[in-house]
Amino acid sequence: MRCRATILVAAIVSLSATAALADLRDDVAIAAAVDRHPVVRVHGDIELRAVPSSLTGRQLDDFATLAGNGVRDIVRFTAVQPPRQRIIIYLSPAIGISHTYPHFPASLRHEPRMFIDSERVAAGDAPYLHELVHAVVGNGGAMWLEEGFASWVASSVAGRYGGYYAPVLSNGNDRVDEQARMMIERSRGASESAKWFYDDDPRLGSQRDRRAFYILSHSFTKFLAASLGTHELVRIHRADDPRALGKISGRSIDEWHARWLASLGESRGRVATAR
Ligand SMILES: [Zn+2]
């Protein structure tokens, strides 16, 4: 997601305010270009707006159904009410990395808006469930929680109700812990994850950083969900407070971090290879 208060924070692109405002300008331009001659589909709580010829009518129909069902299933899974306004999804080949504004700052109604690469939709590989989680559940305080939660819910929903899980950078719930173990082992211990989880708004300076951040956040959030339950984790996310984990769970992030590492098989600063 990109929206944090009134300043936008790009989830997977650069995190400086200047860059984020430049990204907003790009998104306003993309939306305006699509809106000149949009192909529109509405299904449930979502409205697709696409560049003509970017997708066939059948592909648009199918994706509208997937996304509409996705909102319904995320609501079922999280027990969070859907946004009062329709979620607008822009599809264009001009969009690079998929991203979402829970409250688009450059429109009058500040409705949720998603921007998704139409080529990934055509390929059946768009991280639409991850982005819909941001649109439905909104801001979550710490960035690791927002991104980890979006991937964990997306994978859970696809597994339980259908649709598909397309990775942003982490694999599905059944394989993300393996990715996290390898990541931690390569970085020789827990300093990597501590770097991400103790900073509410970390700077992701490289593709390697982004990959590590998404994988470790997803695995950690999945562990929290298994320990606390979905209802409690949703409460923590909805508090939209970087300190909510400690306040609501009664345990510090240090303690959760140590428990998570232990669950992965971490010992003496390295994750054991034999499991
Ligand atoms: Zn995201």
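Residues numbered from 1 in each chain as written. Predicted model: local features only at pLDDT ≥ 70, side-chain atom pairs only at ≥ 80, totals over all residues. Heavy atoms only, no water.

## Describing the confidence of the model for the protein chain
Averaged over all residues, the pLDDT of the protein chain equals 87, while 87% of them reach at least 70. Counting contacts from residues 2-16, a segment whose pLDDT is below 50, to residues more than four positions away or on other chains yields 58 contacts. For residues 267-275, every residue scores under 50 in pLDDT, and the model assigns this stretch 18 contacts once sequence neighbours within four places are set aside. (pLDDT = per-residue confidence, 0-100. Contact = heavy atoms within 4.5 Å.)

## What about the pattern of salt bridges?
This structure, assessed with the given rule, holds 15 salt bridges. Note that Asp35 is salt-bridged to Arg49, the shortest N-O span being 2.7 Å. Here Asp35 is found in helix α1 (residues 17-36), whereas its partner Arg49 is found in strand β4 (residues 46-50), with 14 residues between them in sequence. Take Asp35: its relative accessible area is 30%, and that puts it in the partly exposed class. Residue Glu255 is joined to Arg259 by a salt bridge in which the shortest nitrogen-to-oxygen separation is 3.4 Å. (Salt bridge = Lys/Arg side-chain N within 4 Å of Asp/Glu carboxyl O. Helix = DSSP H or I, 4+ residues; strand = E, 2+ residues; numbered from the N terminus. Buried < 20%, exposed > 50% of the residue type's maximum accessible area, 1.4 Å probe, protein only.)

## Quick word on the coordination of the zinc ion
For the zinc ion, the full set of protein donor atoms is His130 (NE2), His134 (NE2) and Glu147 (OE), at a range of 2.0 to 2.1 Å. Site description for the zinc ion: donor spacing in sequence, H-x3-H-x12-E. Placement of the pair is His134 in helix α4 (residues 128-137) and Glu147 in helix α5 (residues 143-161), with a sequence separation of 13 residues. You can call His134 buried: its relative accessible area is 1%. Using a relative accessible area of 2% as the deciding quantity, one classes Glu147 as buried. (Donors = N, O, S within 2.8 Å, 3.2 Å for Na, K, Ca; no water.)

## A word on the layout of surface pockets
Of the pockets and cavities examined, the largest pocket occupies roughly 320 Å³. In terms of residues, the lining of the largest pocket owes the most to one element, α4, which gives three residues. For the lining of the largest pocket, the class distribution of residues is eight nonpolar, five polar and three charged. Quantified by volume, the second largest pocket comes out at close to 200 Å³. As for the second largest pocket, its lining consists of 17 residues, of which Pro242, Arg243, Leu245, Gly246 and Ile253 are closest to the centre. Counting residues per element, the ones that place at least two in the lining of the second largest pocket are α5 and α10 (244-249). The element best represented in the lining of the second largest pocket is α10, accounting for three residues. Class assignment for the residues of the lining of the second largest pocket results in ten nonpolar, four polar and three charged. (1 Å grid on protein atoms, 1.4 Å probe; cavity = no way out; pocket = protein on both sides within 12 Å on 5 of 7 lines; lining within 4 Å. Points joined across faces, edges and corners; volume = space filled by probe spheres on them. Nonpolar A, V, L, I, M, F, W, Y, C, P; charged D, E, K, R; others polar.)

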